[in-house]
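Here is how the chains run, residue by residue.
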Amino acid sequence: MALPALDSPKWLSTPIAFALGVKSALSSILALVLFGTFIGVGAFAHDTGFTLGWALASTVLVWAGPAQIILISTSHAGVTLLESALAVTISAIRLLPMVVSVLPMLRTPQTKMRQLALPAHLVAVTVWVESFRLLPHVPRERRIAFLNGLGFGLVFLSSVATLIGYGLAASLPPLLAAGILALTPLTFLLSTARNAHKLVDKLALALGLALYPLVQLLQTGVDIMICGLTAGTIAYGVHRIRRRA
């Protein structure tokens, strides 16, 4: 969807900026991927005995497919609430760099910290990818409203998908449900590759893909984190050396 020009009078209104964010969410190709992913989440919640109300609440409050799967599966396994919360929190740490990279794009000298609380919650993989694509075309003073609309649109769509997946669970083959859940990380990988313009970004991505099969052999349980830190550190080191040369 093409956004209005930066000097368009439409950006003078906060509600219109919010509505444009919602419209951008619903017209994004990534929304289709997200819809399929949360159909899988809803089906998984049904098959593990999670109630529909809690499944929808997890979509709104947790707002991360992998973390929701952890929450649902740990609850089904009978672990304590504290253990489930800890597992979900550890999973959510992966989103912290995304939040840190998006929030500076929203701030103005007049922005208060409380205004960033909701955008920080809404920043997940899809919102992060779309923020870097769309926010440069939004006036800075309307970016918070726009991102809130973008996030709300995607959360609403995901909630509808969770509801549909929960209802379809009886007829959705387990293999198909598992395949649907894989759409988000695959889309994230392709989107990251598309947005990698600098050598440091491309090198980090390539090293991450190359190192993961080797790191997985260690069976540490935190393979992705080790792989990401190693690849990112090497890429950053190469970037610094090239800048000094």
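These numbers were taken from a predicted model, which means no experiment stands behind them.

Caption draft 1: Region of the structure containing the overall build of the chain. Secondary structure summary: the chain contains 13 helices and 0 strands in total. Expected size for 245 residues packed as a compact globule is a radius of gyration near 18 Å; at 19 Å, the chain falls within 12% of this value. Projected onto its principal axes, the C-alpha coordinates of the chain cover approximately 50 × 50 × 30 Å. In the chain, the share of contacts with a sequence separation of at least 24, taken over all contacts with a separation of at least 6, comes to 74%. Of the roughly 13700 Å² that the chain leaves accessible, carbon and sulfur atoms contribute 72%.

Caption draft 2: Geometry of the environment of I90. Mapped onto the secondary structure, I90 falls in helix 5 (residues 81-92). For I90 and K202, which are 112 residues apart along the polypeptide, the C-alpha to C-alpha distance reads 27 Å.

Caption draft 3: Seen up close, the layout of surface pockets. What the second largest pocket holds in volume is close to 310 Å³. Forming the walls of the second largest pocket are 16 residues, and the residues nearest its centre are F50, W54, V62, L71 and L81. Listing elements by their share of the lining of the second largest pocket, those giving two or more residues are helix 3 (52-61), helix 4 (65-77) and helix 5. The leading source of residues in the lining of the second largest pocket is helix 5, at 6 residues. A per-class count over the lining of the second largest pocket returns 11 nonpolar, 5 polar and no charged.

Caption draft 4: Spotlight on the packing of helix 3 against helix 9 (residues 143-168). Close contact between helix 3 and helix 9 brings their axes to 9 Å; oriented N to C, the two are set at 155 degrees. It follows from the interaxial angle that helix 3 and helix 9 lie roughly antiparallel. Between helix 3 and helix 9 the crossing geometry is right-handed. In contact with L52, A55, L56, T59 and V60 of helix 3, helix 9 contributes V155, S158, S159, T162, L163 and Y166. Considering only residue class, the contact of helix 3 with helix 9 consists of 7 nonpolar, 4 polar and no charged.

Caption draft 5: Region of the structure containing helix 3. Buried within helix 3 are the following residues: A55, S58 and T59. Looking straight down helix 3, one finds its buried side chains confined to an arc of 100 degrees; they lie on one side. Exposed and oriented more than 90 degrees from the buried face of helix 3 are W54 and L61. Contact partners of the buried residues in helix 3: helix 2 (29-47), helix 4 and helix 9. Positive phi appears at W63, one or two residues downstream of helix 3, with a value of about 55 degrees.

Caption draft 6: Looking closely at the packing of aromatic side chains. Summed over the entire model, instances satisfying the criterion amount to 4 aromatic pairs. Aromatic side chains W11 and F146 sit 6.2 Å apart centroid to centroid with 65 degrees between the ring planes, which places their arrangement in the edge-to-face category. Note that W11 is positioned in the segment before helix 1 (14-27) and F146 in helix 9, a separation of 135 residues in sequence. Summarising the burial analysis for this pair, W11 and F146 share the class buried.

Caption draft 7: Inspection of helix 13 (residues 223-244) at higher detail. The end-to-end C-alpha distance of helix 13, which contains 22 residues, comes to 32 Å, matching closely the 32 Å that a straight helix rising 1.5 Å per residue would cover. Inspection of helix 13 places D223, C227, A231 and A235 among the buried residues, and these make up the whole buried set. Buried residues in helix 13, looked at end-on, bunch into an arc of 65 degrees, giving them a common side. For helix 13, the exposed residues lying more than 90 degrees away from the buried face are M225, L229, T233, R243 and R244. Buried residues in helix 13 make contact with helix 12 (199-216).

Cut-offs and rules
All residue numbers refer to positions counted from 1 along the written sequence of the respective chain. Side-chain atom pairs in this predicted model are given and counted only at pLDDT of 80 or more, local residue features only at pLDDT of at least 70, and totals for whole chains, interfaces and linings cover all residues. Heavy atoms from the whole structure form the basis of all side-chain values; hydrogens and water molecules are not counted. A run of H or I in DSSP becomes a helix once it reaches four residues, and a run of E becomes a strand once it reaches two; helices and strands are each numbered from the N terminus. The reference for a compact globule is 2.2 Å times residues^0.38; the radius of gyration itself is calculated from the C-alpha atoms. In what follows, residue pairs with any heavy atoms lying within 4.5 Å of each other are defined as contacts. Calculation of accessible area relied on Shrake-Rupley with a 1.4 Å probe; when residues are assessed, cover is drawn exclusively from the protein chains displayed. With a 1 Å grid laid over protein atoms only, a set of points is called a cavity when a 1.4 Å probe fits there but cannot get out and a pocket when it is open yet has protein on both sides within 12 Å along at least five of seven lines; lining residues have an atom within 4 Å of a point. Grid points are joined across faces, edges and corners, and a volume is the space filled by probe spheres set on the points. Residues are grouped as follows: nonpolar covers Ala, Val, Leu, Ile, Met, Phe, Trp, Tyr, Cys and Pro; charged covers Asp, Glu, Lys and Arg; every other residue, Gly included, is treated as polar. Geometry is summarised by axes, namely lines fitted to C-alpha atoms with helices restricted to the contacting stretch, and by angles between N-to-C directions that run from 0 to 180 degrees. Each angle gets one of four labels, with under 35 degrees taken as roughly parallel, over 145 as roughly antiparallel, 65 to 115 as roughly perpendicular, and the rest as oblique. Handedness of a crossing follows from how the near helix is turned relative to the far one, being left-handed for an anticlockwise turn of less than a right angle and right-handed for a clockwise one. With a 1.4 Å probe rolled over the protein chains alone, any residue whose accessible area is under 20% of its type maximum counts as buried; one over 50% counts as exposed, and the rest are partly exposed. To be clear, the arc concerns the directions from the helix axis to the C-beta atoms. Stacked, tilted and edge-to-face are the three classes applied to pairs of Phe, Tyr and Trp rings, where Trp contributes its six-membered ring and a pair requires centres within 6.5 Å; stacked means planes under 30 degrees apart, edge-to-face means over 60, and tilted covers the rest. What a helix should span is 1.5 Å times the count of its residues minus one.

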